[in-house]
Amino acid sequence: MGRIKKKGQAGAAKNYITRNQAIKKLQISLPDFRKLCIWKGIFPREPNNRKKVSKSSTASTTFYYSKDIQYLLHEPLLQKFRDQKALEKKISRALGRGDVTDASRLERNAARPEKTGKPPYTLDHLVRERYPTFVDALRDLDDALSMLFLFANLPSTSSVPAKMIARCERLCLEFQHYLIVSQSLRKSFLSIKGIYYQATIQGEDILWLVPYKFNQRILGDIDFRIMGTFVQFYMTLLKFVNFRLYSSIGLVYPPKFDAKKDELAAELGAFTIEGKHASAIQDKPAEEKPAEEASKKAIDPATQAAVNKVIKQLGKVDDKTSNGDAAGADKEDQPTDTIDKFEPAAPGGDVLPQPTYSGTDPGTLFANCTFFLSRETPRQPLEFLLKAFGCKRVGWDAVLGEGAYTTDERDPSITHQIVDRPVVAAMNEENGDGEDNQTSQKLGANQRLPGRIYVQPQWIWDSVNDEELKPADLYAPGAQLPPHLSPFVQSTAGGYDPTIPLEDQQPEEEALADSDDEEDEDEEDDEEEAENGTTAKKGESAADSMDVDDADEDDEDFGGFSGDEQDEEEEEAEDDAEEEEEEDAELQRQRELIAEMTGQAVPQKPAQNTRSKAKADARKKLAAQAKEDAEDLDRARGMLSKKKRKLHDQMMYTNNKKSAEDQKLREKRRRLEKQKQRKAPA
């Protein structure tokens, strides 16, 4: 007879453990347990059957794997937590006794990161455990950068100390300097949440979000203790990543930091980058040129003459042997501008993306430009983007901080100026010239410097995403800007594409409905003009007014229906087309009989407008085609198995939902285009 198994010692009950049991087993407090789980990457698990797992009568809400808790028993941070807890008990006991001297002595030994800035423990070993390779750390860098940039823009409070904010800001600026030197930044997008950036580092695409530089309000319903735990680990991670990235391109880490410049809002300008790669990106220093010249002069002239003689003899031999096929070789060796294309090995294979030739390097997009940022523009993101894409000379107004290439707006070396204010012509007041304020830019007729290009900030982002300098006239101050599209969204076949004209992507049914709406609007405009004409002729004779009223009544009989009624009639006409044709034929026969009895001419049916007839024919054709497609789909669906039929229905539901969203976007764009057309004549 086998051994009897006791309840709770095998199966699911042994594989899971509750949170309270885990805390008792580890002998730490609940906040320390949360910190440890966040740093080690351990999270709660949901068992398949809670009744089998729960060992008590009360319902437990949080479960963990028993192996995960067993893994935490060997963590060195446990002893740090216990020592800190014991020290806090000694301090509270001394204060209870009234022994202030002993309490102050113990307080000096206690770790207070919010006061000293030094954490009581380091998380270096946790970074090595969670990321065995550097590529793993890069793949997990998205959330870390978003969180650190968020905390770098927060105001200091009791829950968010100022030293944590300063450290986050410094690490973020160091990372931005690496992107500038290595030219790893690829795309950026302005959204409601903030500014999205995407960089490619060692083959990994990293996307993060940076909030705008607004005054942030700290709400009470946010648990900054949990967020601070993540930030503490992310700061250690980013410091490791920055060190590895700087070392990979030959830069010195950490870069030199000037605290005085940082207090004057220099930000990126407060760092001094040193290393081999940093000097290579800049212009060649004067020290390298004499070294190159010295190396050339160090060659012995006698040795050089002997080498030249041997080269000439070898050249004569080659000329004699290669005279026969010199023409063919020249043809083969001629450089061509064509690019190799990827062609499928077999017909019907996958279409591979073809390589494209780009004459300009995206990293040197703004290399030949000198920018000046007006004081109303966002300096930090513009400076980062311009420097990341090759611009070495960026100036701004003195009120925006230190570190500018120039603060003189009239510097003749400036080629582009970023302006984000409405252009208002200066008014000559009687008392004197008007003063400039923070809401409008008052420019005189001759105050713009000749030879300088004035653009709005969106020009920078659109040029970066398209990897080419966009036409500056489309982004001139006061101009209607083109739509700022996300570079991270790829257009799908058949979906809505804002870059394509609306007529090229709307279905035929929407095109017909749109033309009907335009005709209705034209009829309404004609009616309004006719009404205005009747009111203007009130002074005419009564007979003329009676004629005008009769004409108005006739117009109402033919075109006095509202747009909704016309749409309903069109739907009924599409459904009952055959019945209407039969009724028209019967009416025509009755007219012919009446004409024969009275001896009058047969009344002819009024000629139908060719345009409306073509539309009616097109609707009938579309309805017939839709009906035929639906029947084919039903027949094909009936041939599928039950499992595949459910999958097909799910796919059709998703496609219909997506097409409905695309239709809403097209309708919205259609309304906007009509509004622009109405405002254009005015």
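Worth saying up front: this structure is predicted, and the values here are computed from it rather than measured. (Residues numbered from 1 in each chain as written. Predicted model: local features only at pLDDT ≥ 70, side-chain atom pairs only at ≥ 80, totals over all residues. Heavy atoms only, no water.)

**Observations regarding the overall build of the protein**
The secondary structure content of the protein amounts to 27 helices and 13 strands. The 682 residues of the protein split such that 28% are buried. Within the protein, contacts between residues separated by at least 24 positions form 63% of all contacts whose residues are at least 6 apart in sequence. For the protein, the accessible surface area stands at approximately 46,800 Å², while carbon and sulfur atoms represent 51% of it. (Helix = DSSP H or I, 4+ residues; strand = E, 2+ residues; numbered from the N terminus. Buried < 20%, exposed > 50% of the residue type's maximum accessible area, 1.4 Å probe, protein only. Contact = heavy atoms within 4.5 Å. Areas by Shrake-Rupley, 256 points an atom, 1.4 Å probe, with all protein chains shown as cover.)

**A short note on the pairing of strand β3 (residues 185-190)**
Each regular strand carries side chains that alternate between the two faces of the sheet. Sheet topology note: the β3/strand β4 (residues 195-201) ladder contains five bridges and is antiparallel. Each residue of the ladder has a partner; that of F189, found in β4, is Y196. In this structure, the hairpin formed by β3 and β4 is closed by a connection of four residues. (Pairing = 2+ DSSP bridges.)

**With respect to the environment of S158**
On the secondary structure map, S158 appears in the loop between α11 (141-152) and α12 (162-182). As a C-alpha pair, S158 and F224 span 66 residues in sequence and 10.0 Å in three-dimensional space.

**Regarding the packing of aromatic side chains**
Enumeration according to the criterion identifies 19 aromatic pairs in this entry. A ring pair is formed by F149 and W208, whose centres lie 6.5 Å apart and whose planes are at 20°; its orientation type is stacked. Taken together, the positions of F149 in helix α11 and W208 in strand β5 (residues 204-210) put the pair 59 residues apart, joining distant regions of the chain. When sorted by exposure, F149 lands in the same class as W208, which is buried. An angle of 35° between the planes, with centres 6.1 Å apart, marks the rings of F230 and Y234 as tilted. With a gap of four residues between them, F230 and Y234 both fall in helix α13 (residues 224-248), about one helical turn apart. With relative accessibility at 11%, the residue Y234 sits in the buried group. Aromatic ring contacts, followed pair by pair, group F149, F175, Y197, W208 and F384 into a single cluster. Geometry around F134 places R244 over its ring, the cationic atom sitting 4.8 Å from the centre. (Phe/Tyr/Trp six-rings, centres within 6.5 Å; stacked < 30°, edge-to-face > 60°. Lys NZ or Arg CZ within 6 Å of the ring centre and 35° of its normal.)

**A look at a positive patch on the surface**
Residues K85, K89, K90 and R93 make up a contiguous surface patch of positive charge. Mapped onto the elements of the fold, K85 is located in helix α6 (residues 77-97). (Patch = residues over 30% accessible without salt bridge, like charges linked within 9 Å, V, L, I, M, F, W, Y side chains within 5 Å. Salt bridge = Lys/Arg side-chain N within 4 Å of Asp/Glu carboxyl O. Lys, Arg positive; Asp, Glu negative; His and termini not counted. Charge placed at Lys NZ, Arg CZ, Asp CG, Glu CD.)

**Some remarks on the confidence of the model for the protein**
Of all residues in the protein, 70% attain a pLDDT of 70 or more, and the chain-wide mean is 77. When the criterion is pLDDT under 50, residues 426-446 qualifies, and its contacts beyond four places in sequence or with other chains add up to 29 contacts. Contacts for the low-pLDDT stretch residues 535-566, under 50 throughout, to residues beyond four places or in other chains number nine contacts. (pLDDT = per-residue confidence, 0-100.)

**Regarding the pattern of salt bridges**
According to the stated counting rule, one finds 19 salt bridges in the structure shown. Here R105 makes a salt bridge to D102, at a shortest N to O gap of 2.5 Å. Residue R105 and its partner D102 are located together in helix α7 (residues 100-109), separated by three residues, close to a single helical turn. Across the pair E383 and K387 runs a salt bridge, and its minimum N-O distance is 3.0 Å. Here E383 and its partner K387 are both found in helix α19 (residues 379-388), four residues apart, which amounts to about one turn of the helix. Relative accessible area serves as the criterion here: at 1%, E383 is assigned to the buried category.

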